[in-house]
Every structure is written in C-alpha cells, then in structure tokens.
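The chain contents come next:
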Amino acid sequence: MKSPPLKGLWYFKTAAELGSFKQAAEALFVTQAAVSQQIRTLEQQLGCMLFERQTRKVLLTQQGQDLLPYLHKAFGQIEMGLSTLKSDPNPNTINLSVLPSFATCWLLPRLASFNKALPDFQLRIDPTEQLADFNHDDIDIGIRFGFGNYPGLKSELIAEDELVLAYRPGLIDPNKPLRAQLSKLNFIYDEGRDNEHAWLELNKQLGLSGHTFSNLKIDNAALVQQATVAGQGFSLLRRRLVNQSLELGQLEIYPDFAWLCEYRYFLVAPERHFEWPKLKAFRDWIVAELSAC
C-alpha cells in the first residue's frame, strides 16, 4: 500500500481532536472543503472509513480511534526532532501576539513594570484578534482569552476574569434601585460568549426584558470601555481590563453584580518555546502581575 501523505494524516489528526471539519479548517487556515477532500483521499488510500459524518459534527469510527494515538506519537516525535534544529533566533526580543483589548487596557499600563523586571529583554507587541501562525509569523508566544484548546500548541492557564457592570462616575447611584436606572440608559454591547451570558443573567435578576440595546455593538472590549468612559451608557467589562480606569476615577462598577467568565487567559505557543529562557522569564513576570491585581 502506498504511504498516505503527511498532510492528509495531519488534517485527520486535527479534525479528530476537534470533532469537526469546520473547526479543523479554521485551525489549519484552509477551507472546510480542503479538509474534507484530504480526509476522503486518506480514507480511500487506507481502504476504510475514519469518520462517521453527522449533521453538525463528525465521530471517529473504530478504525479512526485505533489510528489516532499512533499519529499523536508520530507527530510528537517529528516535532521533537524539528525542535532540535530550531533554537531561539532572537534570545533578547520577546515577540508577543496579544488581543488588542488586553494590550491596550492591561499590558501597556504595565510596561514600566516589565522594563524594571526584565531590563535585558525588548518586548515587541503584535495586537491581533487572530491566533498567530507560529510556522510563518515572527511570534514567540501569544496571550489568548478562550478555552485553551489550540491544536498543535501548548496552552498554559495564567488567569481567570469576571465581568462587572461598569459606568462613568455619577451615571448610576448604587444606593438607588438599579432596574429603574438601567432602563433609561444605553447598554453598550460587547459581542462575545461571556458577555451574552452575563447580560442574560443581569436581565433575569433585574427583570430588564425588553430593554433596548444601544445601536452600538462592538467586538472589542477596549472600544466598549472607551465608550463607557465617555458616558455613552453602561457596559459589562472584564475586571482586569478596567482596573486602571477605576484607579484613575474614569469608571465605577456596581458592587452587587459579577459574572465569572467561562473564557480564561492562556499563554499559547509551540511547546519548545516554553523552554526558552526569555519566555520563562516573561511567564514568571506576567503571572506575578496578574496575581497582584
């Protein structure tokens, strides 16, 4: 039997780990059709079905379950072999991929702390919503806010967060009934899984059904925070991102509402990167900073 191509095996491994051709395509930065074609070709070469296709997901057949652990081991060995050829090309520069909101609201205000703690390293920040392609981008490590499931990469939990009800000082009086006050204000909506769940819970607690959303919906927590500071209404913001605005007196938070986020903060990179001295130092610094606030 002709040996199947590594690409087909890699696509199969990714789809098997995620349980979805669509999610595998997103992780591999290809189309869903490309994933389907590679796996179909692999199945034809092997002479067996590896997946049972269902409407919204795929399930491994027994043959697929038998094959997967061998691929984990094989690709792990390949990765280890390649890592011996790839030492850190820039040992004094930390190339960081980070969400724009986290960069703006949390990281930038702490650059003085970084420079004091790690004076021998230069920090280069790439603010982006997209997970870095570590095979092609000049990125050492990323900070992501999610579930920590990034195929082919190591993710290390560094912090949790919670959503709080935030507003410009004086806009809401915490000593008066909250429902009547919110019903007269715009809700500045930050699009996202946690924000949707927290908003529904706040609605439930206060009976705010029928409340009119702001016509401004933003998929960027930093911009939502700026609109809130400007007095455009109230919002649900991550506590770690509003700490500086609270200290500066730009925002207040309602004392009796908080929603623990399902998403959490992770350091994400190829496993070998975590062994680089500069990233060990960066990890120690950011964990200490997050623990202090």
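Sequence order as written defines residue numbering, which begins from 1 separately in each chain. Where totals are concerned, whole chains, interfaces and linings use all residues; where local detail is concerned, this predicted model gives features only for residues with pLDDT of at least 70, and gives and counts side-chain atom pairs only at 80 or more. Each side-chain value is worked out from all heavy atoms of the structure, with water and hydrogens disregarded.

Caption draft 1: Molecular detail of the pattern of salt bridges. Definition used for salt bridges: Asp or Glu carboxyl oxygen within 4 Å of a side-chain nitrogen of Lys or Arg. Applying the stated criterion to the full structure yields twelve salt bridges. For the salt bridge of Arg124 with Asp138, the shortest nitrogen-to-oxygen distance reads 3.9 Å. In this pair, Arg124 sits in strand β4 (residues 122–127) while Asp138 sits in the loop between β4 and β5 (141–146), placing the two residues 14 residues apart along the sequence. Salt-bridge contacts for Asp140 lead to Lys278; the nearest nitrogen and oxygen are separated by 2.9 Å. Residue Asp140 is found in the loop between β4 and β5, and its partner Lys278 is found in helix α11 (residues 277–291); the two are separated by 138 residues along the sequence. Numbering of helices and strands runs from the N terminus; a helix is a DSSP stretch of H or I covering at least four residues, while a strand is a stretch of E covering at least two.

Caption draft 2: Region of interest: the nonpolar core. Judged by nonpolar contacts, the single largest core of 53 residues is most densely connected at Phe102, Leu165, Leu182, Phe234, Phe282 and Ile286. It is α11 that contributes the most residues to this core, six residues altogether. The definition of a nonpolar core used throughout is a set of buried Ala, Val, Leu, Ile, Met, Phe, Trp, Tyr and Cys residues joined through side-chain atoms within 4.5 Å. Classification of residues uses two cut-offs on accessible area relative to the type maximum, computed with a 1.4 Å probe and protein chains only: under 20% is buried, over 50% is exposed, and between them is partly exposed.

Caption draft 3: Structural view of the side chain of Gln181. Structurally, Gln181 is set in helix α7 (residues 178–182). Any pair of nitrogen or oxygen atoms within 3.5 Å is treated as a polar contact; in protein, a donor-acceptor pairing is required on top of that, and neighbouring residues in sequence qualify only through side-chain atoms on both sides. At a separation of 2.8 Å, a polar atom in the side chain of Gln181 contacts the main-chain amide nitrogen of Asp173. At 3.2 Å, the side chain of Gln181 and the backbone oxygen of Pro177 are in polar contact. Those residues in contact with Gln181 that sit more than four places away from it in its chain are Leu171, Ile172, Asp173 and Lys176. The criterion used for residue contact is that any of the two residues' heavy atoms lie within 4.5 Å.

Caption draft 4: Expanded view of the packing of helix α1 (residues 6–18) against helix α3 (residues 32–46). It is the contact of α1 with α3, at a shortest axis distance of 9 Å, that shows an interaxial angle of 115°. As far as their axial angle goes, α3 and α1 are roughly perpendicular. In the packing of α1 onto α3, the handedness of the crossing is left-handed. Contacts between α1 and α3 involve Lys7, Gly8, Leu9, Tyr11, Phe12 and Ala15 from the first element and Ala34, Val35, Gln38, Ile39 and Leu42 from the second. Orientation is described by axes fitted as lines to C-alpha atoms, over the contacting stretch for helices, and by angles from 0 to 180 degrees between their N-to-C directions. We call two directions roughly parallel when the angle between them is under 35 degrees, roughly antiparallel when it is over 145, roughly perpendicular when it lies between 65 and 115, and oblique otherwise. Left-handed describes a crossing whose near helix is turned anticlockwise from the far helix through less than a right angle; right-handed describes the clockwise counterpart.

Caption draft 5: Highlighting the packing of aromatic side chains. Aromatic pairs are defined between Phe, Tyr and Trp rings, using the six-membered ring for Trp, whenever the two ring centres lie within 6.5 Å; interplanar angles under 30 degrees are classed as stacked, those over 60 as edge-to-face, and all others as tilted. Going through the model one piece at a time under the given rule, you end up with 16 aromatic pairs. Residues Phe102 and Tyr265 carry aromatic rings whose centres are separated by 5.2 Å and whose planes lie at 45° to one another, so their mutual orientation is tilted. Of the two residues, Phe102 is situated in helix α5 (residues 100–107) and Tyr265 in strand β12 (residues 264–269); the sequence distance between them amounts to 163 residues. Each member of the pair, Phe102 as well as Tyr265, carries the same accessibility label: buried. Plain terms: the ring middles of Phe114 and Trp285 are 5.4 Å apart, the flat faces sit at 85° to each other, and that makes the pair edge-to-face. One end of the pair, Phe114, is in helix α6 (residues 111–117); the other, Trp285, is in helix α11, and 171 residues separate them in sequence.

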